[in-house]
Amino acid sequence: MTTLAAPERNEEVGKEEPPITAEGLLRRRARQRPEALALSDPPNTEALRLGRSRSYSYGEADAAVDALAAFFIEIGLKPGDKVAVQLPNLAVQPLTLLAAWRAGLSVALLPMLWRGYEIGKVCELVEPKALIGVSAFAGGRPAEELCRVAAPHLFVRFVLAFGQDLPDGVASLDEAILPRSGARAVVAPPRKGPALISFTARAEMPFVPVPRNEDELLAQGAMTVVALSLDSRDVILNPYPLTGPAGLALALAPWLISGSQLAQHQPFDYAAFVQQLLATGTTVTALPSPVLEELAKDRVLEERRCALRRIGAVWTTHEHALPLSLGTGALLFDLYPLGDLAGVVLRRETRLSHSPLPLGPISVSENGDAAVFVETRLRQEDDAAAGGARSGEVLLRGPVVPQGARKAPLLPDSEGYVATGLRAEIEQDGVAPSLRLLRDPELLHHGGFAIAASELDGLYQAFPGFLDAACFSLSDPLLGDRIFAAVSPKPGEPVSLEALIEFLERRRVAPYKFPDKLLVVREVPREASGRILRAKILEQV
C-alpha cells in the first residue's frame, strides 16, 4: 500500500523527514503545505460557552502542537506518563492529543458525557498525572468536575483546561498553546507506553481500558483513506467523538494521512451541522442512517453549495443501516463500529442495500494493490440452540485491532484474535458468508457507548426507595438501545423517575445511564442463581 509508505515529497533540502507517526505526519504536512487549512471548530462554539470558533492552517497547527508539547515538558510531565483528556470535538482536541504524543505521553480519552463517577473509576485504573478539560460546555462546568475527581487521587498532579473563569488551581492552556517566538521544535522521544487509551464495557465489566499504539491508529486511518480515496482536496466533517471507533475511523488519522481538512462538530445539532456542512464545503461525513434520511428529505444534498462526495451510514450495534434513498451521485459507504476495537469502512455495492459485514478477511484495494486491514471470526456457540444457525462472539484481528491488552477480556488469543463482546450469526444470503449482529441483553449500546447491564442494575438498586431494580432495553434505530428500569419499590414508597434521576445526579453519574421510564413490578424476575431474566421483564411491557 502506498498511502503511508510514499507520502508527499519534502522539497526542503537539509531537513530530516519527520517520522511516520501521527505527530510526525502533522509536521510533514506543515512543511509541505503550511498555509493550507487544516482544522476548524463548529460554528456554534459561543452558544456552547466555548468562546469564538477557531481555525488553523497546517503551519499554525504544527506550531500550536509544539508550544503545547513544550508546556507539558516544562511542567514536569515525563515520557510514558499518562494524561486524561476530556475535550469536546473542537480543533484543540486533536491538537492536544498530538502535543501529548510529541511530548511522549499516553492519552486516556474521556467522553464528554462522563461525570465524576465514571472519571473517578477510570482514573483509578490508569492513574493519570494530569487531567485536561474545558472550563464550560453546554451549560456544565467540566473543569470543576475534574477538580473534584483530582482531590482524593494523589497521583493527579495537574488539572489543566481551556477556557475562561477557570477554578482555582487549574492551569490555563489558552496561553500555553500559543506559539513562542524563537522556540525550538520539539522532537518526540521514543514511546514508552500506548499512544491512546479509550474505554469500553463487557458483561459484568463496566470499565475496560483499550490501549492502542500509533501503528494501529494509522492503520485504521489508512483503511478509511484507501476505501474512500481521500486526498488533500477533501474536507472531513466529523460529528463523532474520538473516544470511540466511529470517530477514530472517520477523523483523526484519515485527516493526517490524506492531508485533508478536518471540521469538528459536537454536540450534534442538526441545524448547526447543516450550516457547517455547506459553509466548509464538506466532501466526507458519516451519520446514523435516520439522520441521513432527514438530510435527503430536507433536500440538503441537492443544494448547490453541497459538495459531499462520500456519505457514510454508521451502524448501531445490532441494527442494519437503513437503505438510503439519496438523490446524489456521491459514493455511499457503511461504517461498522465493532466493540470499541475497530471501525470497518466498506463501500456500498448498490445504493439501496447496505454492505454486509464479511466473515473472514476484509481487504481494501488501491491501484490494484489489496491489503487486509481486519479479519472477522466467530467463537462458536451451540448450533442446535441457535436453530441450526451458526452464532457466537465476534473476534477480530489485523493491523487496525488493538493488541496491547495484558489481560482478559481484550488479551489476544494464540492466533491474534481479540474478542469484541458482540454476538453475531452467519448469514448465507450473498455470494460470501457475512455476519448479522445480535442483541445481547447483558451488554447495552446507547448513543455510541457500550454499557454493562450489571452496572446499571447496581446503580438503580442503590436507590433507597427500591427493594430491587434492574435495567432492560428496547431497540432504537438512532440510539441503538433505549434504556428502561424495572423497579420493585418498598411498601408505601412513592415511585418517581425524577427522584431516581436526582439520586443518580448526586452520585455524579453520566446522564446517558439514566432510564427513560420506570416499569413497576412486584419482583424482578431472576433465576435461582440470582441472574436477572430480562426477557421476562420485556414480556410485561
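Anything mentioned here points back to the structure above.
Residues numbered from 1 in each chain as written. Predicted model: local features only at pLDDT ≥ 70, side-chain atom pairs only at ≥ 80, totals over all residues. Heavy atoms only, no water.

Novice: Report on the overall build of the chain, specifying residues and quantitative values.
Specialist: Looking only at helices and strands, the chain has 12 helices and 26 strands in total. For a compact globule of 541 residues, the expected C-alpha radius of gyration is about 24 Å, and the chain comes in at 23 Å, within 12% of that figure. Each of the three principal axes of the chain carries a C-alpha extent, and together these read 75 × 60 × 50 Å. Looking at the chain residue by residue over its 541 residues, the buried ones come to 57%. Considering only residue pairs separated by 6 or more positions, the chain has 65% of its internal contacts joining residues 24 or more positions apart. Accessible area of the chain: about 22500 Å², with a carbon and sulfur share of 52%. (Helix = DSSP H or I, 4+ residues; strand = E, 2+ residues; numbered from the N terminus. Rg over C-alpha atoms; globule rule 2.2 N^0.38 Å. Buried < 20%, exposed > 50% of the residue type's maximum accessible area, 1.4 Å probe, protein only. Contact = heavy atoms within 4.5 Å. Areas by Shrake-Rupley, 256 points an atom, 1.4 Å probe, with all protein chains shown as cover.)

Novice: Could you give me a rundown of the side chain of D340, with the residues and numbers involved?
Specialist: Among the structural elements, D340 can be located in the loop between β14 (331-338) and β15 (342-347). Despite its burial, D340 remains without a salt bridge, the nearest opposite charge being carried by R202 at 5.5 Å. (Lys, Arg positive; Asp, Glu negative; His and termini not counted. Salt bridge = Lys/Arg side-chain N within 4 Å of Asp/Glu carboxyl O.)

Novice: Please provide a residue-by-residue account of the sheet that holds strand β17 (residues 361-366), values included.
Specialist: In sheet architecture, strand pairing relies on hydrogen bonds along the backbone and comes in two forms, parallel and antiparallel. The antiparallel open sheet is built from six strands, whose spatial order is β16-β21-β20-β19-β18-β17. Where the open sheet ends on each side, the last strands, each with one partner, are β16 (357-358) and β17. Here six bridges tie strand β18 (residues 369-380) to strand β19 (residues 391-397), and the two strands are oriented antiparallel to one another. Pairing of Q380 across the sheet is with G392, part of β19. Along the sheet, helix α6 (residues 214-228) contacts β17 and β18; its crossing angle with β17, the most-contacted strand, is approximately 55°. (Pairing = 2+ DSSP bridges. Axes fitted to C-alpha atoms, helices over the stretch in contact; angles between N-to-C directions.)

Novice: So what's going on with the state of the cysteines? Residues and values would help.
Specialist: Applying the stated criterion across every chain yields a total of zero disulfides. In this model C147 remains outside any disulfide bridge; the closest cysteine sulfur is found in C123, 12 Å from its own. Taking the relative accessible area as the measure of exposure, C147 reaches 23% and is therefore partly exposed. (Disulfide = S-S within 2.5 Å.)

Novice: Which residues make up the packing of aromatic side chains, and what values go with them?
Specialist: Counted under the stated rule, the structure contains 11 aromatic pairs. With a centroid separation of 6.0 Å and 85° between ring planes, the pair formed by W114 and F207 is classed as edge-to-face. Residue W114 is located in the loop between β4 (106-109) and α4 (116-126), and its partner F207 is located in strand β9 (residues 205-212); the two are separated by 93 residues in the primary sequence. Residues F449 and Y512 carry aromatic rings whose centres are separated by 3.9 Å and whose planes lie at 10° to one another, so their mutual orientation is stacked. Linking F449 in strand β23 (residues 449-452) with Y512 in the loop between α11 (497-506) and β26 (518-520), this pair joins segments that are 63 residues apart in sequence. Summarising the burial analysis for this pair, F449 and Y512 share the class buried. Among the aromatic side chains, those forming a connected cluster through ring pairs are W114, Y117, F199 and F207. (Phe/Tyr/Trp six-rings, centres within 6.5 Å; stacked < 30°, edge-to-face > 60°.)

Novice: Give me the lowdown on the pairing of β23, citing residues and values where you can.
Specialist: Burial along β23 is two-sided: F449 and I451 facing one way and A450 and A452 facing the other are all buried. Both strand β22 (residues 443-446) and β23 contribute to a ladder of four bridges, which runs antiparallel. Within the sheet, the bridge partner assigned to H446 lies in β23 and is F449. Taking the residues that link successive antiparallel strands as the turn, the β22-β23 hairpin has two residues, and the phi of G447 there is positive, at about 60°.

Novice: If you had to explain the packing of α4 against helix α5 (residues 142-150) to someone new, which residues and values would you point to?
Specialist: Running from N to C, α4 and α5 cross one another at 45°; their axes reach a closest spacing of 10 Å. Taken as axis vectors, α4 and α5 run oblique relative to one another. The chirality of how α4 crosses α5 is right-handed. On the side of α4, the interface is formed by G116, I119, G120 and C123, while α5 contributes E145, L146 and V149. (Parallel < 35°, antiparallel > 145°, perpendicular 65-115°, else oblique. Left-handed = near helix turned anticlockwise from the far one by under 90°.)

Novice: Which residues make up the side chain of S260, and what values go with them?
Specialist: Take S260: it is sitting in the loop between α7 (245-258) and β11 (261-264). S260 sits in the buried class, given a relative accessible area of 1%. Looking at S260, its side chain comes within polar contact range of the side chain of S258, at 2.8 Å. Apart from residues lying up to four places away in sequence, S260 is in contact with L37, A38, Y58, D231, S232, D234, I236, P254 and W255. (Polar contact = N/O pair within 3.5 Å; in protein donor to acceptor, adjacent residues only side chain to side chain.)

Novice: Tell me what's going on with the sheet that holds strand β6 (residues 158-162), and back it up with residues and numbers.
Specialist: One open sheet accounts for seven strands, arranged β7-β6-β5-β3-β4-β8-β9; its pairing is mixed. Pairing within the sheet leaves two strands with one partner each, and these edge strands are β7 (171-172) and β9. Two strands pair when backbone bridges link them, and strand β8 (residues 196-202) and β9 are joined in this way by six bridges, in the antiparallel orientation. Bridged to I197 within β9 is P211. Contacts from α5 reach β5 (130-134) and β6, with the element oriented near 160° to β5.

Novice: Account for the nonpolar core, naming residues and giving values.
Specialist: Grouped together as the largest cluster of nonpolar side chains are 108 residues, with contacts concentrated most on Y56, F72, V83, W101, V107, W255 and V344. Per-element accounting of this core gives the leading share, 10 residues, to α7. The residues touching F72, leaving out its near neighbours within four places in the chain, are L77, T96, A99, A100, A103, L105, I132 and L160. Counting residues in each nonpolar core, the second largest holds 42 residues, with L110, F207, A453 and L459 among its members. (Core = buried A, V, L, I, M, F, W, Y, C linked by side-chain atoms within 4.5 Å.)

Novice: Just give me the short version of α11, but keep the residues and values in it.
Specialist: Within α11, burial applies to L497, L500, F503 and L504. The buried residues of α11 all sit within an arc of 125° when viewed along its axis, so they share a single face. Structural note: α11 exposes E498 and R506 on the side pointing more than 90 degrees away from its buried face. Next to the buried residues of α11 lie α10 (453-461), β24 (466-476) and β26. Just beyond α11, the residue with positive phi is R508, at close to 60°. (Arc of directions from axis to C-beta.)

These figures capture arrangement, not role.
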